[in-house]
Number of protein chains: 2
Amino acid sequence: MATRNSLYSGRIDKKEPSALDIAVGRIGFRKRFGINEEIYGANERADYFYKVVSGYVRSYTVVEDGRRLIAAFYLPGDIFGLEPTERHLFSAEAIFDAEMLVINRNEVMQSAARENTLARDLWAHVANELHRTQSHLLLLNKSASERVAIFLLEMGDRTRHDRTRHRDEIGLPMSRQDIADYLAVTSETVSRMLTKLENTSAIALRTTRSIVLRDRAGLEQMVI
Amino acid sequence: MATRNSLYSGRIDKKEPSALDIAVGRIGFRKRFGINEEIYGANERADYFYKVVSGYVRSYTVVEDGRRLIAAFYLPGDIFGLEPTERHLFSAEAIFDAEMLVINRNEVMQSAARENTLARDLWAHVANELHRTQSHLLLLNKSASERVAIFLLEMGDRTRHDRTRHRDEIGLPMSRQDIADYLAVTSETVSRMLTKLENTSAIALRTTRSIVLRDRAGLEQMVI
DNA sequence: CGACCATTTGATATGGATCAAGCGATGTGG
DNA sequence: CCACATCGCTTGATCCATATCAAATGGTCG
């Protein structure tokens, strides 16, 4: 009953490289993608999956009426596109110039048949994706200001490790429109909610792409 | 690019029982649940999972502000609660008196370590849950009337096999409020959209719990 | 039959979308 | 190095879909 699944941090504390990380490092080869370049398209065969070396990725689908829904952002270190289905459900693009490790799925699956820890890691990865998607579902049940607050906290958590100095300053690699399509609101609404949060001193907008969480507790309060 | 993931049928055509079905039949024991009885709660250890023998199940979470989000309905034959995570994320209740097969997860996992087809089935099951959840995400990006239409088509598909006579008459086991919490709208809105669909002759409301899809093509049109 | 709860229908309120204009940052060519 | 064009972001005004509040109707079970 005491539901505790409101926020998705997206980062499982990893002390040491997992069997999946090792397999990916062994099997994968590097490939660069330019800004807005497609990594794979929806409905393509999911023969390969990816690990972000540098840059950022958005996974999305364009609905029939033209609207776009971003299902996830992937940050350096994240693995994505590892679908248990035959084909990719979503498309993926580089948000900026980015570098990926490209991994052949079958190779990994064959290794997993022999290596139990790897099989367990694959299972855990899908579990994680499922968890992420379920959190996204909960997000879409909230008001616009809550969605923005949740998004900021999520990004803060996921980028915490590469911030040594100011732990509450987060760099947003994506545009307002990207954020809007992730939160299923308009970019105008994202803007308004950000200024509203700034007016209540919950955050500070250093530049458009750099935001300081001034009152993390207050933000967490509003998403409960 | 040609995104084809708008609708989720929830039913993989199964010619013969899968390895998972067989394992479940071997390991599981039967248990009855009364109306609205909790099968498991969010945050409980996910040591067991379930297969619906008869009756219907809702999987849901209650958000902090009291609203409820139903993540899925499970029908006879469906397996649910097989989380790759340590603990259940959602709660599950019987919608009516229902009978379940209760399966010990570890037992199945151990079998899967020896039996490749079973391991593949487990993987496929999680894939299916992920797919279902992603479809639900897309659903929440639509207008209220589209959501209702999608829901009706989905229920029509999922119950097709146990309708011999009128293939377009569907029995809804759940209340309007349940439907509303699944579609993330109010029950009033569900009512209104149903009467709207009836007025346009897309459906007929035989009774509140029995709906006839009179113009399936028209419904599919409006959800594209 | 009567009580109770679910459902439908109606009236009003409101959060966010839409339409539109201003502003700011970034880059380009003179 | 500056004028200017461009694109993304913010702010403002209005509109609309759905929520909310409220009442009427219907269905179910004692």
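About the criteria used
Residues numbered from 1 in each chain as written. Chains lettered and ligands numbered in written order. Predicted model: local features only at pLDDT ≥ 70, side-chain atom pairs only at ≥ 80, totals over all residues. Heavy atoms only, no water. Contact = heavy atoms within 4.5 Å. Buried area = accessible area lost by both parts, 1.4 Å probe. Salt bridge = Lys/Arg side-chain N within 4 Å of Asp/Glu carboxyl O. Polar contact = N/O pair within 3.5 Å; in protein donor to acceptor, adjacent residues only side chain to side chain. Helix = DSSP H or I, 4+ residues; strand = E, 2+ residues; numbered from the N terminus. Nonpolar A, V, L, I, M, F, W, Y, C, P; charged D, E, K, R; others polar. Least-squares fit on C-alpha atoms with pLDDT ≥ 70 in both. Near = heavy atom within 4 Å. pLDDT = per-residue confidence, 0-100. Buried < 20%, exposed > 50% of the residue type's maximum accessible area, 1.4 Å probe, protein only. Lys, Arg positive; Asp, Glu negative; His and termini not counted. Pairing = 2+ DSSP bridges. Axes fitted to C-alpha atoms, helices over the stretch in contact; angles between N-to-C directions.

Enquirer: Hey, could you run me through the interface of chain B and chain A in this one?
Expert: Reports of interface size often rely on the accessible area that becomes lost once the parts have come together. With 38 residues of chain B at the contact, the number on the chain A side is 38 residues. When chain B packs against chain A, close to 4,200 Å² is buried across both sides, 66% of that on carbon and sulfur atoms. When the buried surface of chain B facing chain A is broken down by residue, B:W123, B:L137 and B:N141 rank first, second and third, together holding 19% of it. Run the count over chain B and chain A and you get 2 salt bridges. When the shortest N-O distance is used, the salt bridge between B:K142 and A:E64 registers 3.1 Å. The tally of links between chain B and chain A comes to 4 residue pairs in polar contact (both at pLDDT 80 or more). Those elements giving two or more residues to the side of chain B that touches chain A turn out to be strand 4 (57-62) and helix 3 (116-139) of chain B. In terms of residue class, the side of chain B that touches chain A is made up of 22 nonpolar, 11 polar and 5 charged.

Enquirer: I tried to follow the relation of the copies chain B and chain A on my own but got confused; where do I start?
Expert: Superposing chain B onto chain A takes a rotation of 180 degrees combined with a translation of 0.0 Å along the rotation axis, leaving an RMSD of 0.0 Å. This pairing of chains is accounted for by a two-fold axis. Taken together, the interface assignments show that 100% of the residues at the interface of chain B recur at the interface of chain A, consistent with an identical surface on both copies.

Enquirer: How do you make sense of the protein's contact with DNA strand D when you look at a structure like this?
Expert: Looking at DNA strand D, there are 16 residues lining it, with A:R176, A:S191, A:T195, B:A144 and B:T189 nearest. At a separation of 3.1 Å, a base nitrogen of DNA strand D approaches a polar side-chain atom of B:E188. At 2.3 Å from a phosphate oxygen of DNA strand D is found a side-chain nitrogen or oxygen belonging to B:T189. Per-element accounting of the surface near DNA strand D gives the leading share, 4 residues, to helix 6 (residues 187-199) of chain A.

Enquirer: Can you walk me through the confidence of the model for chain A in this structure?
Expert: A low pLDDT means the predicted coordinates there should not be read in detail. Looking at chain A as a whole, the pLDDT averages 90, with 91% of positions reaching at least 70. Segment residues 1-5 of chain A is flagged for pLDDT under 50; beyond a separation of four residues in sequence, or across chains, it makes 12 contacts in the model.

Enquirer: Please clarify how helix 5 (residues 176-183) of chain A should be interpreted in this entry.
Expert: An α-helix turns once every 3.6 residues. As a result, residues three or four positions apart point the same way. Residue and element names in this part refer to chain A. Counting buried positions along helix 5 yields 7 of 8 residues, so the element is predominantly enclosed. For helix 5, every residue scored as buried is listed here: R176, D178, I179, A180, D181, Y182 and L183. Residues of helix 5 that are buried make contact with strand 4 (57-62), strand 5 (68-74), helix 3 (116-139), helix 4 (144-158), helix 6 and strand 10 (203-207). Once helix 5 ends, the next one or two residues include A184, with phi positive near 60 degrees.

Enquirer: Sorry if this is basic, but what is going on with the side chain of A:D121 here?
Expert: Residues and elements named next belong to chain A. Looking at the secondary structure, you find D121 in helix 3. Within the buried set, D121 has no salt-bridge partner at all; the shortest N-O distance to an opposite charge, 5.3 Å, is to R120. Excluding anything up to four places from it in sequence, D121 contacts S18, A19 and L20.

Enquirer: Can you help me understand the sheet that holds strand 3 (residues 48-54) of chain A in this one?
Expert: Note: strands within a sheet are paired through backbone hydrogen bonds, in either parallel or antiparallel orientation. All names here are of chain A. Pairing within the open sheet is antiparallel, and its 4 strands lie in the order 1-8-3-6. Strands at the two margins of the open sheet, each flanked by one partner only, are strand 1 (29-33) and strand 6 (79-80). As defined by bridge partners, strand 3 adjoins strand 8 (residues 98-104) across 6 bridges and the pair is classed as antiparallel. Each bridged residue has a counterpart across the sheet, and for F49 the counterpart in strand 8 is I103. Across the sheet, helix 2 (residues 105-114) is in contact with strand 3 and strand 8; its angle to strand 8 comes to roughly 55 degrees.

Enquirer: In this structure, what is going on with the pairing of strand 8 (residues 98-104) of chain B? I would like to understand it.
Expert: Consecutive side chains along a regular strand alternate between the two faces of the sheet. A large share of strand 8 of chain B lies buried, amounting to 7 of its 7 residues. Across the two faces of strand 8 of chain B the burial is the same, with B:A98, B:M100, B:V102 and B:N104 and B:E99, B:L101 and B:I103 all buried.

Enquirer: It is not clear to me how the protein's contact with DNA strand C should be interpreted in this structure. Could you clarify?
Expert: Near DNA strand C there are 15 residues, and of these A:A144, A:T189, B:R176, B:S191 and B:T195 occur at the shortest range. Counting only atoms of DNA strand C within 4 Å of the protein, the fraction found in sugar and phosphate groups is 62%. With respect to DNA strand C, the side chain of A:T186 contributes an N or O atom lying 3.0 Å from a phosphate oxygen. Within the side chain of B:S191, a nitrogen or oxygen atom sits 2.2 Å from a phosphate oxygen of DNA strand C. For the surface near DNA strand C, the secondary structure elements donating two or more residues are helix 6 of chain A together with helix 6 (187-199) of chain B. For the surface near DNA strand C, the element with the highest residue contribution is helix 6 of chain B, accounting for 4 residues. Its residues assigned to classes, the surface near DNA strand C shows 2 nonpolar, 7 polar and 6 charged.

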